[in-house]
Amino acid sequence: MSVKYIPVQWNRNKWLYDAVMLAGVGLFLYIFLNLTPEILDHERAINPQVHNARAFGACAFTMMTVILCIGPLARLDDRFLPLLYNRRHFGVMTVFVALTHAAYIVDWYFAFSRSNKYEALLFSNTSYGQLVGFPFEVFGIFALLVLIILATTSHDFWMKFLSPPVWKRVHYLIYPAYLSVVAHVSFGILQDQQNHAFTVLFVGGAVSVGLLHLMAALKERQRDRDLAVDGADWFDVADASEFEDGFAKVRLLPNGERVAVYLMDGKLSAISNACAHQNGPLGEGRVISCLVTCPWHGFQYDVRNGQSPAPFTEKVPTYNLRMRGTTVQVDPQANPPGTPVDPVSLGMKEAT
Amino acid sequence: MSNRNSPFFVGYLPLPAGLRQWLLVVCVLFIGGLAGVGLTMGVAQDDPGPGAFRFDYGRQTVTGVIELTPYPLVRVTEGNDRIMPGTTLMLSGQGKSSVDQRAVPLEGQLSQVSGVVLQRGTLNMLQLRGGANGLSAVEGVAPEQSTEPLGRWRLAGEICDGKCLAGAMRPGTGLAHKACANLCLIGGVPPVFVSSQPVDGSEFLLITGPDGSALPKSLYDHVGAYITIEGDVERRGDVLVFRADPESVGVPG
C-alpha cells in the first residue's frame, strides 16, 4: 500500500522477486549470447548483431509468456499468488529486453542505407496485401509501443490519475500486444526455420497462455454459478453456521457485482469483493490486524466501513446485511465507497 | 473464500513458512526453465550459409571491362592470385548503395576496380572503395566480351539482394530478411535469384527486368519468398543473368 508516490516501495519480498527474475533473465541471455555460438557448428557464424537481436527477442517473448501465465495460474492455484505480487517489475524488465531487440534490428537491418533507419523500417517492405512476405515488423512495432505505454503507466500514480477502471482497461492491451508478438514471430522468423525446436517452444508457449486463460475462465464461470444468489429484494448469502471468523463468503449479485461478507469477532460485515487497487478479490483475502487484506498486493480495508486505515485513502463500497432466522441476507444496493455500516451480530434477528 | 489451512502471502510481510518450499521449487524451475529455453532456442538457429566479406584476402584490385545489365559487372581481364582473368564480379558500393553513378560513364571501357570481396560459393561481389580509388578508367583497349544466351527458363527459388546473400549479412536470405533485402534493392544493390536447382552449374543468377531494365518494383513483393518465375538466361563470363518476366511469377507446386 502506498500513501505517497515513490518510484518503488522496496521490501524484502520485492528484492527476492527481482533477484530471481534477473537471475532467470540473465541466465537466458548469458547462455543464448555467450554459450550457444560455441555450440553452433556453422561454417560461418551468424552475425553477432543478428544473434544478439534473436537472443533479446526470444527472451522478451519468453518473459511475456511467463507474465501472462502468472494471472491464470494464480486463479487456478492460490499458491501462485506470490508471483503476481511484483509482476509489474517483470513487465518493465520485459520492455527493456524488447527495446534492446528492436535496437539491434533497426541498427543492423535498417542501417547502412541513405535513408533514415526508422523511416526505412516503415517503407522498405510494404507488401501488406499478402500473407507471405507480410511486413511482420509492424506487429513488433505495435507490441513494443504497447509495452512502453504499459511500463510507463505501471506505477500506482498512473492508476490513481487514470482511475483503476481506466488503468485496468489500458493494461488489458497486454493481450493484443501478445497476439501481435505471436504474429510478429509467425510471419517473420518462423517462416524461415529449418530447425523446429524453436517452433515447438514458441507454439507451446503461446498455446500455454491460451489454455491457462481458458481453464481459469472456466473455473471462474463455475465459481460464479456457485456464488449466484437467490431472492427478491434481499439475497441469501449463507447460513450463519457456515461462516468462519476472519474469512469471507463471496456471492455474485444479479447486477454482476460480487460482495464479500466477512465474519470478524463474531460480527458480519459486507464490502465489495473488488479491491480499489487492481480489482483483487478481497473475499479471498484474510483478516490481518482487524483489516481485510487483499491477496494480490496486500491493500487493507476496515470491513465495517470499506476504508483503508489512515493515512491511506483507498475506499470500497459497503453493503447492508440482515439476518432472517439463521440465514444471512445482503441488500444488493451497494453503499457509496467508504460508508460505515453497523456490523450484524450473528445473534441478531435483523439489522440495517 | 480462501482456505483456512493454506498459507496467506502478503508482499510486505515475511513469507509464510508453508510457502517457502513451494516457492523455492518454483524459483528453481523458473530459473532453470529460462536457462533451458535460452539454450534450446539459441542452438536451434539455422546455418546462415557460407557467405562472408573476405577481409582475409585484403583489398583486391583488378582490371576489367565494365558492363551494365543494368546492374554493373566487371569482366576481369587482368587479375591476381585471388581473382583470375575471366572472373565476373558484381559491383556494389558501401552499405546498401550502388555504384551506378560511377559505372555508367565507364560502360564498355577498361577500368580498374578496387575493394573488398564478398563470396558465397560461385557468387562473387566486390564492394568498391569510394570515388576513383574504387573505380576508374585505365589506358588500353577493352577486349570484346562474349555473352552466351542459354534460352528461356522457368526457375524455382528466391529473390535476394546479392550483397547480403554473398555474406554482408548472415543470414541474408528468407522472409525475416525481406525488409533488409528490399532496402538493399531500393539502394541499387544487384539482386540475385537463388535457384533451387543449378542452372548451367550455378545456383546464383543476377536477376533483372525482362528487357534489360532494373528489377521491376512489382517483384519486390516477392523478395524472400519461394516462387517460380520465367525468363531468359544468358552467361556473361562466370555470372548468369536472368532476365525475368514479372508476369510469370507463380507458387511452386
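The following refers to the structure shown. In this text, all values refer to a predicted model and were calculated from it rather than measured experimentally.

Calculation notes
- Residues numbered from 1 in each chain as written.
- Chains lettered and ligands numbered in written order.
- Predicted model: local features only at pLDDT ≥ 70, side-chain atom pairs only at ≥ 80, totals over all residues.
- Heavy atoms only, no water.
- Helix = DSSP H or I, 4+ residues; strand = E, 2+ residues; numbered from the N terminus.
- Rg over C-alpha atoms; globule rule 2.2 N^0.38 Å.
- Buried < 20%, exposed > 50% of the residue type's maximum accessible area, 1.4 Å probe, protein only.
- Contact = heavy atoms within 4.5 Å.
- Areas by Shrake-Rupley, 256 points an atom, 1.4 Å probe, with all protein chains shown as cover.
- Lys, Arg positive; Asp, Glu negative; His and termini not counted.
- Charge placed at Lys NZ, Arg CZ, Asp CG, Glu CD.
- Axes fitted to C-alpha atoms, helices over the stretch in contact; angles between N-to-C directions.
- Parallel < 35°, antiparallel > 145°, perpendicular 65-115°, else oblique.
- Left-handed = near helix turned anticlockwise from the far one by under 90°.
- Core = buried A, V, L, I, M, F, W, Y, C linked by side-chain atoms within 4.5 Å.
- Buried area = accessible area lost by both parts, 1.4 Å probe.
- Salt bridge = Lys/Arg side-chain N within 4 Å of Asp/Glu carboxyl O.
- Polar contact = N/O pair within 3.5 Å; in protein donor to acceptor, adjacent residues only side chain to side chain.
- Nonpolar A, V, L, I, M, F, W, Y, C, P; charged D, E, K, R; others polar.

With that settled, the discussion passes to the overall build of chain B. Counting secondary structure elements, chain B contains 5 helices and 12 strands. For chain B, the C-alpha radius of gyration of 26 Å lies well beyond 18 Å, the compact-globule estimate for 253 residues. A burial count over chain B gives 56% of its 253 residues as buried. Considering only contacts within chain B whose residues lie at least 6 apart along the sequence, 69% involve residues at least 24 apart. As displayed, chain B offers around 10,200 Å² of accessible surface, 53% of which is attributable to carbon and sulfur atoms. Across chain B, the mean location of the 19 positive side-chain charges is 13 Å away from that of the 23 negative side-chain charges.

Scanning chain A from N- to C-terminus turns up 10 helices and 11 strands. C-alpha extents for chain A along the principal axes are approximately 85 × 40 × 35 Å. Put simply, chain A has 352 residues, and 51% of those count as buried. At a minimum sequence separation of 6, the contacts of chain A that also span at least 24 residues come to 56%. Approximately 16,300 Å² of chain A is accessible, and the part contributed by carbon and sulfur atoms is 61%. Averaging the coordinates of the 28 positive side-chain charges in chain A and doing the same for the 29 negative ones gives two points 3 Å apart.

Our next topic: the environment of B:Gly42. Structurally, the position occupied by B:Gly42 is in helix H1 (residues 17-43). Take B:Gly42: its relative accessible area is 0%, and that puts it in the buried class. Along the backbone, B:Gly42 and B:Arg236 are 194 residues apart, and their C-alpha atoms lie at a distance of 41 Å. With residues near it in sequence (within four places) discarded, B:Gly42 still touches A:Phe32, A:Thr36 and A:Leu40.

All names here are of chain A. Put simply, helix H2 (residues 48-76) and helix H10 (residues 197-227) touch, their axes get as near as 9 Å, and they point 20 degrees apart. On the basis of the axis angle, H2 is roughly parallel to H10. By crossing handedness, the relation of H2 to H10 is classed as left-handed. When H2 is examined against H10, the residues Phe-61, Thr-65, Leu-68, Cys-69, Pro-72, Leu-73, Arg-75 and Leu-76 are found in contact with a partner set consisting of Phe-202, Gly-205, Ala-206, Val-209, Leu-212, His-213, Met-215, Ala-216, Lys-219, Glu-220 and Arg-223.

What follows concerns the nonpolar core. One finds A:Val25, A:Phe28, A:Phe90 and A:Leu282 to be the most contacted residues of the largest nonpolar core, which totals 72 residues. The biggest single contributor to this core is H2(A), with 13 residues. Residues in contact with A:Leu282, not counting those within four places in the same chain, are A:Tyr262, A:Ile271, A:Ser272, A:Asn273, A:Ala274, A:Cys275, A:Val292, A:Cys294, A:Pro295, A:Tyr301 and A:Val316. Counting residues in hydrophobic clusters, the runner-up holds 36 residues, among them B:Leu123, B:Val199, B:Val241 and B:Phe242.

Another point: the interface of chain B and chain A. The partner chain A presents 77 residues to the 59 residues of chain B that form the contact. Summing both partners gives a buried area of about 6,100 Å² for chain B against chain A, and 65% of it is carried by carbon and sulfur. Scanning the region where chain B abuts chain A turns up 0 salt bridges. Scanning the region where chain B abuts chain A turns up 21 residue pairs in polar contact (both at pLDDT 80 or more). Among the elements of the structure, H1 and helix H5 (178-186) of chain B are those that each provide at least two residues to the side of chain B that touches chain A. A per-element tally of the side of chain B that touches chain A places H1(B) first, with 16 residues. Counted by class, the side of chain B that touches chain A contains 35 nonpolar, 16 polar and 8 charged residues.

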